[in-house]
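# Structural features, examined
Chain residues, written in single-letter form:
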Amino acid sequence: MGSPRWEQLLVNDSFSPVRLADILVLPLLDGAQLIGPPEARDRIVNDVVCVSPSLALTSAIRPHSLVLLLVDDTQMRWSHMVELLIRHAASQGAAALMIPSTEEGLPKSTTRVAERLGLPLIRFQKTVPGFAAALGLNAVVHAPERRETRVLLEITDAIIRTDSLEDLLAEVATQLGGRVLLADSTRVRVGDAEVGFDYNKLIVHTRTGIVQDLDEQDWALVPAFTAGEHAWLMAQRPLAGARWALLAQRALSLVRGEAVAWLTNARAQSERAARVRSLVLEELSFSGTVSTELVSAATDLGWFFGGWHLGFHVGVVSGPAIELWELEGMAERLSRNGVDVFGQVARGDGWTFWVDYLTPPTPATVRTSTAAVREAVAELRSNVAVRGLVIGVGSPQANADGLAQTLREARDAAKLGATEVDGIAVRAVHDLGSSELLLGWYGSRLFGDAAVQLLGPILGNPDAKTTLETYLENGCSVASTARILSLHRNTVRQRLDSIEQTLDVSLNSPDTRLALQLALRANHSDAVTTQGHERP
Amino acid sequence: MHSARSDISDCTVLTQADVEAMRHGCAVLGSGGGGDVSAAQTLLMQTLSTTNVEVSSAKKLGPNAWVALVGAVGSPTVMLEHLPGNHEFVTAVRTWEQHTGVTLSAVCALEIGGVNGLLAVNAAASLRLPIMDADGMGRAFPRLDMAAIEGSVPAIPVVLADSVGATVVVDGVSGSGVSDIVRRVLPAFGSWAAICLYGGTVQQMGRLVPGSISRALQLGRAMLSEGTLPSDREAFTGTVVDLIRSTDGHGILTLHGHDDPAQTVRIDFQEEFLLVATDGRVIGQVPDIICLVDLRTRQTVLTEDLHLGQRLSLVVLGAPLTGDGLPLPIGLDDYGLTPLGATARE
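The structure displayed is predicted, hence computed values, not measured ones. (Residues numbered from 1 in each chain as written. Chains lettered and ligands numbered in written order. Predicted model: local features only at pLDDT ≥ 70, side-chain atom pairs only at ≥ 80, totals over all residues. Heavy atoms only, no water.)

### Points about the overall build of chain B
Secondary structure assignment for chain B yields eight helices and 16 strands. Taking all 346 residues of chain B together, 60% fall into the buried category. Considering only residue pairs separated by 6 or more positions, chain B has 74% of its internal contacts joining residues 24 or more positions apart. Entry remark: accessible area of chain B is about 12,700 Å², with carbon and sulfur atoms responsible for 51%. (Helix = DSSP H or I, 4+ residues; strand = E, 2+ residues; numbered from the N terminus. Buried < 20%, exposed > 50% of the residue type's maximum accessible area, 1.4 Å probe, protein only. Contact = heavy atoms within 4.5 Å. Areas by Shrake-Rupley, 256 points an atom, 1.4 Å probe, with all protein chains shown as cover.)

In structure tokens form, the structure reads like this:
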């Protein structure tokens, strides 16, 4: 699905004729205005003819010429010559007529005559002296490859002298007079993030002319593929011609190596950071301290063990797992909202991170940070609506020992919060209350196995499990259960009778009801633990 | 074709009945300028209520008869408020005779186009002199030095007179010096004055544009009977869709055709209409007489009365020739416009 306009215009990569669109992108025509239909940009230009007003009607004009009307301020009024010149040039098959802009503007008669006779007009700013403009245009028309080669040489120089990919792409953008960026299918990696197109529409055309319409804008694309990552170098300039597209592709090809190296390096750094994070958390979890080597490595990542820490744990209760890029996006959002996240670590049962404070955070500060995290996590849910998420929040603790503790508390809070999920649940350790008693049971493998054994016959029956769970969690009320599940009371009673028979239990017994309720909660907690990951 | 031809029939006497036709004819020959003729029409009607004016050709006057050009100079707009009378023109001519010691056999219009054509006839009637069937410009022009007679007969002495009898005689200068002094004196005269200049024998005045009075009458009668005139060039009627007036006094008018809405006519103007082109093709240029007639009022339109939405008929008449058969020596460059060259007009 390439750009039909460009591809139809490209006759041969090396010998593509110069067209008006290629002239209009020249710096010396900055601010120039084309008056004519959009297809006028595709007109071929093979010569430049300069005329003065006094000789305009007798000048020899060849077909496909760009006629440039040269005037100076000392000359007499010349605007009346324009329409006569339009007729003369149109009759000779000229490509277009260039006239200097004036404060008065163009009379309607001039635009009407140009339209009627089918000759595009170009009004240019008189910032460049007429003859200098003529020479510049002549060079572009008769030897376009010279200018294009100069652009590519400038970019080659920039590869040597720039220190970052960002600076290099900025230089390429300057040389091309457009926008240049590196993007993958999800986001812009280097360059202006406000790209203005839907990433999901990034469909690559596989012909050699890799040019793509995205939301009616033409982009020149060059792949920058690495192992496991597909990114694209992209360049765009509104209304540019086919020659510009070719030049842009060549320019992007020159810097492709730099882009691939950048991507590879970024991936390696990301993986290293993830490894260090995991190691640090492992040490914190088991020993409560961190070795000197890991402290040094963690410091390189920007971590800080002094001060106060508030731990968070985000778990997925239902729906697909969270992708790494989503987590990174969440961290960016939190940072924009004034919450700087450290130590983002993917764990078997979710993602753990913490926030650092130089002084002990007040309850208000904790509430603000928690609210910011909830808002950022809500955006994760908006990416995939069926997700059920839980956020556990630890208590503020100091130093490395405190970091381990707050992270443990956050995970425990998330486990308990997972039992009552509807959308996003946020549980802070300080308000767990009596639920804390159950924490040990939920984490116990023995209890987990017993729960599976007890519930076994109905675990494969979602209706039965949901009915029983709702019944037990809502005060054993048939009426409430029926209302919540949008069922008739008789249906609820029938199901409960069936459950009693299947499990060989009596729901009249308080002990039985308690056991079943605990077993169901443990089953939920177990689901959080094993969501797409191995249980530790 | 209404240009300078020797076969235009001689008109011998102008009466009050001819005033309306003269008015229309002078307006046409004003080519969009020359001032509002209504200022002079009423005066001429009044003057001719008690007398007639003899119109004499050069041949009839004889080669040794003395003739001088008369008219008004200054602001036609002010003239509409400070209306002309007879006194200032009589004073100007009599002062000229007094200064030169020459008794005139006739007077001639400085400019047949616009209000000056009627004022010259009025002056002749007031002086009880014939008016020569000729004029100094063949149409209307904005400057004294644009007269066809310029260069063949000295303009001096130039006499200016106002309605209260004040007179100024300009002598001893030539060319643009005359215009310069006249321009500086006019404010003291209330922005317009009667003028008498370019005096000489009929033989010396050979470069005058002949037949101007007859031509004005002929055109005016055609306007009265038909409401418009047949154009020497292609006919066009259209509506004003764009009007640009620049600070330097130049204007551009755009009309869309009635018969062919895609057809575009552009008219450049300053004090008069200067250039007409349709779809990039020149139809007429100064010194051609370019006239626009309002289709609603059947009146010729001055450049200052143009407005959007007007429905107009375009009339282009070939420029008259001078008495020695030469084209009028005025072109686009006299108005600061780049001349087109001989290949421009198709």
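### Concerning helix α7 (residues 176-185) of chain B
All names here are of chain B. Listing the buried residues of α7 in full gives Val178, Ser179, Val182 and Val185. When α7 is viewed along its axis, its buried side chains cluster within an angular range of 130° and face the same direction. Summarising the geometry of α7, the exposed residues directed more than 90 degrees from the buried face are Ser176, Arg183 and Arg184. Considering only its buried residues, α7 is in contact with β3 (66-74), β6 (158-161) and β7 (167-170). (Arc of directions from axis to C-beta.)

### What to know about the interface of chain B and chain A
Contacts between the two partners involve 33 residues from chain B and, on the opposite side, 22 residues from chain A. Carbon and sulfur atoms make up 54% of the area that chain B and chain A hide from each other, which totals about 2,300 Å². Summed over the three residues of chain B that lose the most area to chain A, namely Arg266, Asp279 and Thr338 of chain B, the buried surface amounts to 27% of that side. Counting every contact that joins chain B to chain A gives four salt bridges. Viewed at the interface, chain A and chain B are joined by 20 residue pairs in polar contact (both at pLDDT 80 or more). Going through the elements one at a time, β10 (236-245), β11 (251-257), β12 (264-269), β13 (273-278) and β14 (281-285) of chain B are the ones with two or more residues in the side of chain B that touches chain A. (Buried area = accessible area lost by both parts, 1.4 Å probe. Salt bridge = Lys/Arg side-chain N within 4 Å of Asp/Glu carboxyl O. Polar contact = N/O pair within 3.5 Å; in protein donor to acceptor, adjacent residues only side chain to side chain.)

### A short note on the nonpolar core
Counting 69 residues, the largest nonpolar core has Leu97 of chain A together with Leu69 and Leu197 of chain B as its most contacted members. Tallying contributions element by element places helix α3 (residues 79-91) of chain A first for this core, with six residues. Setting aside residues no more than four positions away along its own chain, Leu197 of chain B makes contact with Ala68, Leu69, Leu110, Leu144, Ala155, Pro157 and Val158 of chain B. Ranked by size, the runner-up nonpolar core spans 57 residues in total, among them Leu129, Cys196, Leu217 and Ile289 of chain B. (Core = buried A, V, L, I, M, F, W, Y, C linked by side-chain atoms within 4.5 Å.)

### Examining the side chain of Glu111 of chain B
Position of Glu111 of chain B among the secondary structure elements: in the loop between β4 (106-109) and α6 (115-127). Engagement of the side chain of Glu111 of chain B in a polar contact is seen with the backbone nitrogen of Phe141 of chain B, the distance being 2.7 Å.

Fair warning: the whole summary comes from geometry, so function is off the table for now.
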